[in-house]
Amino acid sequence: DTEVTQTPKHLVMGMTNKKSLKCEQHMGHRAMYWYKQKAKKPPELMFVYSYEKLSINESVPSRFSPECPNSSLLNLHLHALQPEDSALYLCASSQERIVGGVNYGYTFGSGTRLTVV
Amino acid sequence: GIQVEQSPPDLILQEGANSTLRCNFSDSVNNLQWFHQNPWGQLINLFYIPSGTKQNGRLSATTVATERYSLLYISSSQTTDSGVYFCAVEPGNRDDKIIFGKGTRLHILP
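What comes next is a walk through the structure. (Residues numbered from 1 in each chain as written. Chains lettered and ligands numbered in written order. Predicted model: local features only at pLDDT ≥ 70, side-chain atom pairs only at ≥ 80, totals over all residues. Heavy atoms only, no water.)

**Examining the interface of chain A and chain B**
- With 23 residues of chain A at the interface, the matching set in chain B holds 22 residues.
- Summing both sides of the interface, chain A and chain B together bury roughly 1,800 Å²; the carbon and sulfur share of this comes to 48%.
- If you look at where chain A meets chain B, you find 0 salt bridges.
- For the pair chain A and chain B, the number of links is 5 residue pairs in polar contact (both at pLDDT 80 or more). (Contact = heavy atoms within 4.5 Å. Buried area = accessible area lost by both parts, 1.4 Å probe. Salt bridge = Lys/Arg side-chain N within 4 Å of Asp/Glu carboxyl O. Polar contact = N/O pair within 3.5 Å; in protein donor to acceptor, adjacent residues only side chain to side chain.)

Encoded structure:
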């Protein structure tokens, strides 16, 4: 299995709703990522989990709450979002780099297109 | 932080044409990848190429790490090649994140 699976593919939520985005990989990758992409812009890093621990938070507002229940799953909990949070949310995974070993880089999921109304 | 610049920003070509996309980066990198983002948003990994040359069908890529640039070649373009091509680098300080360039938007006309 060489895929990163994201659900749902599309999500429309109100500003008072609570929802979650899910990401799953079964490649044995030890690092997982959330990226946010606005239209006609490159993806921007939000969070990095390494060995199920949060290692990077790029100053993301607390209305976005990541969770890594195990090495294969990554969630992004959403609460009290604003219309400007509407975007494509991408999950990625990668192998932990081993000196002298082989790294095949990052694999991205197909994304969740989020609309906040 | 590291800067990643891609050129050209936009490219319109007739089907069958060849093209070269460029990625310049401002510091040493551990990893460089080329991605194709299709109209549905899927980021497809084309090449993992921190150095050297690789080929996959009509696509090939070359990275000259000492001169801090990478090139993506697309030969005999097809309409399905349309989309945005991103170069992404992992900085040499190993802070576990990749930085994307702004992309090259490619439109292949039938």
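**Notes on the layout of surface pockets**
- For the largest pocket, the calculated volume is near 450 Å³.
- Looking at the largest pocket, it is lined by 23 residues, and the ones nearest its centre are Ala39(A), Lys40(A), Gln37(B), Val84(B) and Arg105(B).
- For the lining of the largest pocket, the secondary-structure elements that each account for two or more residues are β9 (87–94) of chain A together with β9 (83–91) and β11 (104–109) of chain B.
- Looking at which element gives the most residues to the lining of the largest pocket, the answer is β9(B), with 3 residues.
- Residue composition of the lining of the largest pocket, grouped by class: 8 nonpolar, 8 polar and 7 charged. (1 Å grid on protein atoms, 1.4 Å probe; cavity = no way out; pocket = protein on both sides within 12 Å on 5 of 7 lines; lining within 4 Å. Points joined across faces, edges and corners; volume = space filled by probe spheres on them. Helix = DSSP H or I, 4+ residues; strand = E, 2+ residues; numbered from the N terminus. Nonpolar A, V, L, I, M, F, W, Y, C, P; charged D, E, K, R; others polar.)

**Here's the deal with the sheet that holds strand β3 (residues 19–25) of chain B**
Residues and elements named next belong to chain B.
- The strand order β1-β3-β8-β7-β6 describes an open sheet built from 5 strands, whose pairing is antiparallel. The sheet is open, and its two edges are formed by β1 (4–7) and β6 (52–56), each paired on a single side. Taking each pair of neighbouring strands and ignoring which way they run, the sheet shows an average axis angle of 15°.
- Sheet topology note: the β3/strand β8 (residues 69–74) ladder contains 6 bridges and is antiparallel. Within β8, the residue paired with leucine 21 across the bridge is leucine 72. (Pairing = 2+ DSSP bridges. Axes fitted to C-alpha atoms, helices over the stretch in contact; angles between N-to-C directions.)

**Some thoughts on the pairing of strand β5 (residues 43–48) of chain B**
All names here are of chain B.
- Where strand β4 (residues 29–37) lies against β5, 5 bridges are found, and the strand directions are antiparallel. Following the sheet pairing, glutamine 33 is matched in β5 by tyrosine 48.
- Remark: 5 residues form the turn of the hairpin made by β4 and β5, two consecutive strands paired antiparallel; glycine 41 in that turn has positive phi of roughly 100°.

**Focus: the side chain of Asn31(B)**
- Secondary-structure assignment places Asn31(B) in strand β4.
- The residues touching Asn31(B), leaving out its near neighbours within four places in the chain, are Gly105(A), Tyr106(A), Tyr48(B), Pro50(B), Ala88(B), Val89(B), Glu90(B) and Ile98(B).

**Describing the state of the cysteines**
Residue and element names in this part refer to chain A.
- On inspection of all chains with the given rule, the structure shows 2 disulfides over all chains.
- A sulfur-sulfur separation of 1.9 Å characterises the disulfide bridge that pairs cysteine 23 with cysteine 91. When the S-S torsion is -70°, as for the bridge of cysteine 23 with cysteine 91, the disulfide is left-handed. Linking cysteine 23 in strand β3 (residues 18–25) with cysteine 91 in strand β9, this pair joins segments that are 68 residues apart in sequence. (Disulfide = S-S within 2.5 Å.)

**Remarks on the packing of aromatic side chains**
- All chains considered together, the criterion is met by 9 aromatic pairs over all chains.
- With a centroid separation of 6.5 Å and an interplanar angle of 40°, the aromatic rings of Tyr33(A) and Tyr35(A) are classed as tilted. Each of the two residues, Tyr33(A) as well as Tyr35(A), counts as buried.
- Between Phe108(A) and Phe35(B), the aromatic rings sit 5.3 Å apart at their centres with planes inclined by 90°, giving edge-to-face as the arrangement. Here Phe35(B) lies in strand β4 and Phe108(A) lies in strand β10 (residues 106–108), a pairing that spans two chains.
- A relative accessible area of 4% places Phe108(A) in the buried class.
- By the ring-pair criterion, three or more aromatic residues cluster together here, those being Tyr33(A), Tyr35(A), Tyr106(A), Phe108(A), Phe35(B), Phe86(B) and Phe100(B).
- Over the aromatic face of Tyr69(B) sits the side chain of Arg22(B), whose NZ or CZ is 4.3 Å from the ring centroid. (Phe/Tyr/Trp six-rings, centres within 6.5 Å; stacked < 30°, edge-to-face > 60°. Buried < 20%, exposed > 50% of the residue type's maximum accessible area, 1.4 Å probe, protein only. Lys NZ or Arg CZ within 6 Å of the ring centre and 35° of its normal.)

Geometric values such as these leave the question of function open.
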